[in-house]
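The chain contents come next:
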Amino acid sequence: MKFNILITAFPFVNEYKRLRKLFINSNFNIKVVKTTQSLKEKDLLKLVENIDGILCGDDEINEKVLKKANKLKVLSKWGTGIDSIDLEACKKLNIKVYNTPGAFTESVATQALALILNFNRKILQNHNNIQKGIWNKLEGLTLVKKNIGIIGLGNIGLRIAELLVPFNSKVFGNDIKKISKKKLKKFKISFKSKNFIYQKSDIIILATDLNDTTKHLINSKLSKLIKKKPLIINIARGPIIEEKALIFLLQKKIIKGACLDVFEYEPLTKKSKLIKFNNVILTSHNAFNTKDEVNKVHLNTYKNLIIGLKK
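Keep in mind it's a predicted model, so treat the numbers as computed, not measured.

Undergrad: Outline unusual backbone geometry, listing residues and values.
TA: The omega angle of the peptide bond from Glu266 to Pro267 is -5°, so this bond is cis rather than trans. The backbone of Lys229 sits at a positive phi, close to 50°, despite the residue not being glycine. Relative to the helices and strands, Lys229 is located in the loop between β9 (203–206) and β10 (231–234). Of the residues examined, Lys229 reaches a relative accessible area of 40% and is grouped as partly exposed.

If you want it as structure tokens, here you go:
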């Protein structure tokens, strides 16, 4: 019996020529679909019928798609986040779901720090000026004694806090889950409410999952709470920030700026107003992308697919 496999996770697809050797001795019929980021419902509905396993990315795998996937046994999610998958529907339909928890902790945490340092020291702006023949001196900021709020104290949030220790920053943290006093002490985090973080932080880092409590966590109502014109960093999930609200906060200069690796709507289009701000740094949902951690996820996602099909 041959299994029909659909591969849609773009990082895996991009390296499929190298990775196809993993499937050489497997009894699979494989369909590989190229995408710049993820597939929507309408695309998946054309692909999932008679498929036994999907090695997926952030695709819109909702109940309608899952019901169309009449033979589906396993979803092997490339990476960590599974908010794009209807888990309740998977449970009802007896479809197994796997991911790689903590997959990109180091990659994403170091990206957050890199974005902060780049913004505060105006490195990108300085570089662009030199390319234009402008040799000027741009005054920056250090992180010493700055108040930095981290919303989401999972593996990535805690690692960011750890990386900030040598900078002598004051780190505030928040999470809906209880964080042990031992961890808070180890990473020198003061546990505070979200409102405290909004009011007191010079920098706010979003490192939380996307769920019902975090969607549009950053919204227009924050204009009444924010006191210190913070820099906002999002290396988590795009819809945590309501894009219209962020544009409003930038236009009204309520925040100092934003560094974004993820967006409410991806990929970001040329028409997005975010592109026009000179106090915004944008990266293409690329914080995960370091060679060593990506390769580990490739292998683990493949192994999860095999495990799911054998059960």
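Having seen the model, we can carry on.
Undergrad: Go over the nonpolar core, please, and point to the residues and values.
TA: Among the nonpolar cores identified, the biggest contains 54 residues, and Phe12, Trp78, Ile150, Ile160, Ile233 and Ile235 are the most heavily contacted of them. In terms of residue count, the dominant contributor to this core is helix α6 (residues 105–121) (7 residues). Setting aside anything within four residues of it in sequence, one finds Phe12 in contact with Ile7, Leu19, Leu22, Phe23, Leu55, Trp78 and His298. Listed in part, the 27 residues of the second largest apolar core include Ile197, Ile226, Phe263 and Val280.

Undergrad: Account for the sheet that holds strand β8 (residues 189–191), naming residues and giving values.
TA: Here we have 7 strands laid out as an open sheet, ordered β8-β7-β6-β9-β10-β11-β12, and parallel in their pairing. If you trace the sheet from one side to the other, it starts and ends with β8 and β12 (280–282), each paired once. Strand after strand, the sheet turns through a mean of 20° between neighbouring axes, direction not considered. Relative to β8, strand β7 (residues 170–174) runs parallel, the two being bridged by 3 bridges. When the sheet's bridge partners are listed, Gly173 is paired in β8 with Phe191. Docked against the sheet, α6 engages β9, β10, β11 (257–260) and β12, running at close to 150° with respect to β10.

Undergrad: Describe in detail the packing of aromatic side chains, supporting the description with residues and values.
TA: Under the defined criterion, the tally for this structure stands at 10 aromatic pairs. Ring centres of Phe3 and Phe28 lie 6.2 Å apart, and the angle between their planes is 65°; this geometry places the pair in the edge-to-face category. One end of the pair, Phe3, is in strand β1 (residues 3–7); the other, Phe28, is in strand β2 (residues 28–32), and 25 residues separate them in sequence. The buried category is assigned to Phe3, whose relative accessible area is 18%.

Undergrad: Give a detailed account of the environment of Asp43, specifying residues and quantitative values.
TA: Tracing the backbone shows Asp43 in helix α3 (residues 41–45). Sequence-wise, Asp43 and Asp59 are 16 residues apart; in three dimensions their C-alpha atoms are separated by 9.5 Å.

Undergrad: I'd like a rundown of the pattern of salt bridges, residues and numbers included.
TA: For side chains bearing opposite charge, pairing can occur when the charged atoms are close. All chains considered together, the criterion is met by 13 salt bridges. Among the ionic pairs, Lys68 bridges to Glu49, the shortest N-O distance being 3.9 Å. Of the two residues, Lys68 is situated in helix α4 (residues 63–68) and Glu49 in the loop between α3 and β3 (53–56); the sequence distance between them amounts to 19 residues. The class for Lys68 is partly exposed, based on a relative accessible area of 36%. On the accessibility criterion, Glu49 (46% relative accessible area) is partly exposed. Taking the shortest distance from any N to any O, the salt bridge between Lys71 and Asp52 comes out at 4.0 Å. One end of the pair, Lys71, is in the loop between α4 and β4 (74–77); the other, Asp52, is in the loop between α3 and β3, and 19 residues separate them in sequence. Looking at Lys71, the relative accessible area reads 30%, which means it is partly exposed. A cluster of three or more residues bridged by salt bridges with shared partners is formed by Asp58, Lys77, Asp83 and Arg237.

Undergrad: Any details on the packing of α6 against helix α8 (residues 155–164)? Residues and values, ideally.
TA: As a packed pair, α6 and α8 sit with axes 9 Å apart at the nearest point and diverge in direction by 50°. On the basis of the axis angle, α6 is oblique to α8. Seen from above, α6 lies across α8 with right-handed handedness. Here Thr105, Glu106, Val108, Ala109, Thr110, Ala112 and Leu113 of α6 come into contact with α8, specifically with Asn155, Ile156, Arg159, Ile160, Leu163 and Leu164. Looking at the contact of α6 with α8 residue by residue, the class counts come to 8 nonpolar, 3 polar and 2 charged.

Rules behind the numbers
Sequence order as written defines the numbering, with residues in each chain counted from 1. Only residues with pLDDT of 70 or above have their local features reported here, since the model is predicted, and side-chain atom pairs are shown and tallied only from 80 upward, although totals for entire chains, interfaces and linings are computed over all residues. Computation of side-chain values: all heavy atoms of the structure, hydrogens and water removed. Secondary structure follows DSSP: runs of H or I at least 4 residues long count as helices, runs of E at least 2 residues long count as strands, and numbering of each begins at the N terminus. Think of it in three bands: with a 1.4 Å probe and only protein chains considered, a residue is buried below 20% of the maximum accessible area for its type, exposed above 50%, and partly exposed in between. Each nonpolar core is a collection of buried residues, namely Ala, Val, Leu, Ile, Met, Phe, Trp, Tyr and Cys, held together in the definition by side-chain atoms within 4.5 Å. For this analysis, residues touch if any pair of their heavy atoms sits within 4.5 Å. DSSP bridges decide pairing: two strands pair if at least two such bridges lie between them. Axes here refer to lines fitted to C-alpha atoms; in helices the fit is confined to the stretch in contact. Angles between the N-to-C directions go from 0 to 180 degrees. To pair, rings of Phe, Tyr and Trp, with the six-membered ring standing in for Trp, must have centres within 6.5 Å; the planes then decide the type, stacked if under 30 degrees apart, edge-to-face if over 60, and tilted in the middle. Only one rule defines a salt bridge in this text: a Lys or Arg side-chain nitrogen within 4 Å of an Asp or Glu carboxyl oxygen. Throughout, the term roughly parallel applies to angles under 35 degrees, roughly antiparallel to angles over 145, roughly perpendicular to angles from 65 to 115, and oblique to all others. Helix crossings get a hand from a simple test, with the near helix turned counterclockwise from the far one by less than a right angle marking a left-handed crossing and a clockwise turn marking a right-handed one. Residue polarity follows a fixed list, in which Ala, Val, Leu, Ile, Met, Phe, Trp, Tyr, Cys and Pro are nonpolar, Asp, Glu, Lys and Arg are charged, and the others, Gly among them, are polar.

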